[in-house]
Amino acid sequence: MISFFEFFVRFLPDLLSGMGMTLLLTAEGVLAGFILGLAATLARTYGGKFWRNLAIAYIELFRGTPLLVQVFLLYYGLPGLGITLSREWSAFLALGLNSGAYQAEYLRGSILAIGEGQMLAARAIGMSKWKAVFYIILPQALRLAIPAWANEPVSLLKATSVVFLIAVPELMTRAKLIASRTYDPISSYLAVAVLYLVLVYLVDAAMKWLEQRTRLPGLSAVNESS
Amino acid sequence: MINQFFAYILQGTSVTVAVTLVALPLGLILGLLFALIYNYGGFWVSRFAAVYSLVMRGVPPIALLFILYFLLSGQMVNLSPFWAGSISLGIISSAYQMEILRGALQAVGEGQMIAARAIGMTRLQAIRYIIIPQAIRLAIPPWSNEASIVLKDSSLVYAIGVPEILRRAQQLSATTQQPFLAFGAAALIYFVLVFLVNRGLDLLAEKTKLPASMA
Amino acid sequence: MTDSPYILQAKNLTKIYGENVIFKDISLDVKKGETIVIIGPSGTGKSTLLRCLNLLTPVNSGQIFLEGEEITAHGVDHDQVRQKIGMVFQNFLLFNHLTALGNVMIGLTKVKKMPTEKAKQKALHELERVGLADRAHHYPAQLSGGQQQRVAIARALAMDPLVMLFDEPTSALDPELIGEVLGVMEQLAHEHMTMLVVTHEMGFAREVADRIIFMEKGRIVEQGSPEELFEHPQHARTREFLGKISELYGKKEKK
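Because the structure is predicted, anything quoted here is derived from the model rather than measured.

What counts as what
Residues numbered from 1 in each chain as written. Chains lettered and ligands numbered in written order. Predicted model: local features only at pLDDT ≥ 70, side-chain atom pairs only at ≥ 80, totals over all residues. Heavy atoms only, no water. Contact = heavy atoms within 4.5 Å. Buried area = accessible area lost by both parts, 1.4 Å probe. Salt bridge = Lys/Arg side-chain N within 4 Å of Asp/Glu carboxyl O. Polar contact = N/O pair within 3.5 Å; in protein donor to acceptor, adjacent residues only side chain to side chain. Helix = DSSP H or I, 4+ residues; strand = E, 2+ residues; numbered from the N terminus. Nonpolar A, V, L, I, M, F, W, Y, C, P; charged D, E, K, R; others polar. Core = buried A, V, L, I, M, F, W, Y, C linked by side-chain atoms within 4.5 Å. Buried < 20%, exposed > 50% of the residue type's maximum accessible area, 1.4 Å probe, protein only. Pairing = 2+ DSSP bridges. Axes fitted to C-alpha atoms, helices over the stretch in contact; angles between N-to-C directions. Parallel < 35°, antiparallel > 145°, perpendicular 65-115°, else oblique. Left-handed = near helix turned anticlockwise from the far one by under 90°.

J.: Sorry if this is basic, but what is going on with the interface of chain C and chain A here?
T.: Frequently, the measure chosen for interface size is the accessible area removed from exposure when the parts meet. With 26 residues of chain C at the contact, the number on the chain A side is 25 residues. Summed over both sides, the interface of chain C with chain A buries roughly 2200 Å², with 66% coming from carbon and sulfur. Of all residues in chain C, the largest losses of buried area upon contact with chain A belong to F95, N96 and H97 of chain C, amounting jointly to 28% of the total for that side. Counting the contacts that link chain C with chain A gives one salt bridge. Here D79 of chain C makes a salt bridge to R123 of chain A, at a shortest N to O gap of 3.3 Å. Across the contact surface, chain C and chain A share six residue pairs in polar contact (both at pLDDT 80 or more). Among the elements that make up the side of chain C that touches chain A, the one with the highest residue count is helix 3 (residues 100-111) of chain C (four residues). Here the residues of the side of chain C that touches chain A are counted per class, giving 13 nonpolar, seven polar and six charged.

J.: Hey, could you run me through the interface of chain A and chain B in this one?
T.: Across the contact, 31 residues belong to chain A and 27 residues belong to chain B. The contact between chain A and chain B buries some 2600 Å² in all, and 84% of this surface belongs to carbon and sulfur atoms. For the pair chain A and chain B, the interface holds zero salt bridges. Remark: the boundary between chain A and chain B carries four residue pairs in polar contact (both at pLDDT 80 or more). Residue assignment for the side of chain A that touches chain B shows that the elements contributing at least two residues are helix 2 (49-63), helix 3 (67-77) and helix 9 (185-213) of chain A. Among the elements that make up the side of chain A that touches chain B, the one with the highest residue count is helix 9 of chain A (nine residues). Its residues assigned to classes, the side of chain A that touches chain B comprises 23 nonpolar, five polar and three charged.

J.: In this structure, what is going on with the nonpolar core? I would like to understand it.
T.: In globular proteins that are soluble, nonpolar side chains generally tend to be buried together. In this structure, F72, V163, M172 and V192 of chain A are the most contacted members of the largest nonpolar core, which totals 123 residues. Per-element accounting of this core gives the leading share, eleven residues, to helix 4 (residues 81-108) of chain B. V133 and I137 of chain A together with I38 and I39 of chain C belong to the second-largest nonpolar core, a separate cluster that totals 109 residues.

J.: How do you make sense of the sheet that holds strand 1 (residues 6-17) of chain C when you look at a structure like this?
T.: Adjacent strands of a sheet pair through backbone hydrogen bonds, lying either parallel or antiparallel. Residues and elements named next belong to chain C. Overall, antiparallel pairing links the four strands, which are arranged 2-1-4-5 in an open sheet. Each edge of the open sheet carries a strand with a single partner, namely strand 2 (20-31) and strand 5 (69-70). Where strand 1 lies against strand 2, eight bridges are found, and the strand directions are antiparallel. Residue pairing across strands places Q9 opposite D29, the latter belonging to strand 2.

J.: Whenever I open this one, the environment of A150 of chain A confuses me. Can you help?
T.: Residues and elements named next belong to chain A. Structurally, A150 is set in the loop between helix 6 (129-149) and helix 7 (151-159). Taking the C-alpha atoms as reference points, A150 and V203, separated by 53 residues in sequence, lie 9.3 Å from one another. In this structure, A150 is in contact with M207 and E211, ignoring residues within four places of it in sequence.

J.: I tried to follow helix 3 of chain A on my own but got confused; where do I start?
T.: An α-helix turns once every 3.6 residues. As a result, residues three or four positions apart point the same way. Along helix 3 of chain A, ten of the eleven residues are buried, which leaves the element largely enclosed by surrounding structure. Residues L67, L68, V69, Q70, V71, F72, L73, L74, Y75 and G77 of chain A constitute the buried set of helix 3 of chain A. Structurally, helix 3 of chain A contributes buried residues whose contacts are with helix 2, helix 4 (87-114) and helix 7 of chain A together with helix 7 (165-176) and helix 8 (179-208) of chain B.

J.: I tried to follow the packing of helix 2 (residues 43-58) of chain B against helix 4 of chain B on my own but got confused; where do I start?
T.: Axes are the key here: two packed helices are described by the angle between their axes and the distance separating the axes. Residues and elements named next belong to chain B. Here helix 2 crosses helix 4 at 120°, and the two axes come no closer than 9 Å. For the element pair helix 2 / helix 4, the angle class is oblique. When you trace helix 2 past helix 4, the crossing you get is left-handed. Two secondary-structure elements touch here, helix 2 through A49, A50, Y52, S53, M56 and R57 and helix 4 through I91, I92, S94, A95, Y96, M98 and E99.

Spelled out as structure tokens, the structure:
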């Protein structure tokens with residue numbers, strides 16, 4: 001029996017080769033999720049009835065089912081409808097769609113917190129609804145959403161691990177390969193857990209830094225009667 | 001045919017529900033324990049609880065599940081996949097539930113503890129009769145969210161071969177060559193379960209709410 | 001454009017929310033350069049009337065004319081109309097993410113499509129008008145209530161409106177900050193800006209208004225010059241209201 005430390009050092013290069021994919025999936029998922037979440041929130045808050053219902057259906061469906069089921073539905077299920085996606089594409093789409101539903105909720109919360117008064121004042125100087133949304137509401141809502149939103153990259157980083165079940169070559173998949181090679185699953189998964197911990201810590205620190213950078217005087221959970 | 005589909009996958013539903021019903025209370029008990037020693041314990045046990053929370057919440061549940069599963073079904077302890085998986089999920093959830101309870105305990109505030117001690121209660125009595133009844137009410141909404149997370153995370157025990165909804169869906173997909181229907185049905189069942197859990201706990205929150213607003 | 005002596009005219013405006021009649025059959029003619037003060041108990045539809053005049057809230061029936069043209073007609077671009085009618089709110093409603101200068105500029109750059117440099121010059125000029133050029137780079141949260149309201153006035157003025165509507169502009173302010181806002185409004189009146197002001201500041205009404213309108217329960221009870229209204233009110237309800245309000249505010253409003 002070798003010590004865990006030796007084990008960790010010996011297989012670190014092997015594990016690190018999966019880290020790129022994990023980080024890529026996280027970044028792609030956060031970005032795609034941001035675009036989807038923003039679109040869904042705008043549709044839900046300012047869209048007509050059809051768009052509002054569509055957005056609600058999307059958000060509820062993806063928040064109401066396990067990510068793993070979504071991954072399987074895209075990777076194993078869609079070929080049944082004649083659509084075949086690669087492992088990576090399935091993983092990316094599932095993560096993006098899933099994250100989008102959660103990001104939509106963060107944004108909606110902050111749009112509601114800004115209050116109707118800002119929209120009223122913008123309309124009063126002759127702005128159209130969508131101009132008011134883009135120049136007045138969103139610049140405030142996005143800043144306001146940052147503290148809650150800052151958890152999303154970390155939680156998505158952890159969530160990417162489930163795509164090892166469709167064998168996307170990321171961290172967990174590497175750990176599994178090491179486990180089957182060494183017959184020491186506990187050390188293998190402990191090693192990958194240590195790596196995840198380090199990554200989570202780094203992403204978290206980056207988010208805290210972002211939070212500091214985007215702070216504006218007086219602009220935190222603004223409340224006002226309209 | 002759709003009926004048979006659902007009937008087959010529904011058999012997995014009872015397993016999913018069972019996993020959740022083991023994991024959630026286990027997580028609650030452990031979480032409460034950790035929250036209490038964090039808030040009221042001495043320096044070292046309090047530090048230990050804090051590190052436990054940070055580490056457990058910093059690692060993906062699936063990675064923890066594998067570590068715990070292999071620990072619980074090894075030579076020393078040898079549990080079935082169902083029990084090993086359920087207990088593992090419970091341990092994972094305990095860190096998240098600890099945070100929820102810790103926040104609730106803190107929100108009740110020092111004043112309540114001081115007032116309880118002032119009428120002659122011991123520290124334990126104050127926690128038991130004054131702090132906890134208030135904290136539980138505050139914790140219900142975030143706890144309800146955690147309950148649906150545990151329910152959704154129960155799909156992870158698929159990976160260690162527990163015959164829950166997703167495993168059933170996969171078997172069905174293989175035998176019928178209808179993957180979209182099989183996994184679609186699984187998604188639908190989860191959706192209904194999550195919906196029921198959220199609604200049920202909303203009702204509980206409504207019922208236990210104290211008159212007037214609580215901070 | 002029709003030749004009309006009136007800048008703003010309202011004919012038989014009625015506003016109903018569900019079962020509640022907010023106001024009924026209100027008609028109003030506003031001459032160029034006139035300062036009209038609307039007084040009356042709270043909940044009598046004064047604020048809603050202002051919002052309707054600015055098309056922020058639709059009326060149920062009646063017509064509104066701006067420079068002789070009907071703005072309640074079908075197909076009228078509401079955003080265009082609102083550029084010409086400035087509005088100042090009770091709770092300021094400055095854009096929280098923009099500095100004072102940014103607040104005044106954004107209508108110019110995004111609505112009027114003015115080049116940034118030109119917009120900046122104009123915005124600075126408007127801030128100077130309200131005496132806040134030195135606060136241009138402060139965010140709303142860094143300004144006092146009185147200063148915020150003056151920025152809000154500058155923001156509305158920057159659009160070069162034909163009429164300014166003031167919806168209780170001082171009622172959210174601490175007493176010691178009311179004067180600076182009323183001072184700016186008084187100066188605007190002297191510059192012959194056309195203004196419609198809903199307020200409880202009787203001193204301002206008496207000294208600055210050309211005409212005072214007393215509204216109650218969704219109707220115009222009485223209107224006339226300050227002398228007519230304050231010294232010889234025709235209606236018992238007007239006398240009662242004026243009596244109550246001077247009791248409440250005492251001599252404070254005498255600046």
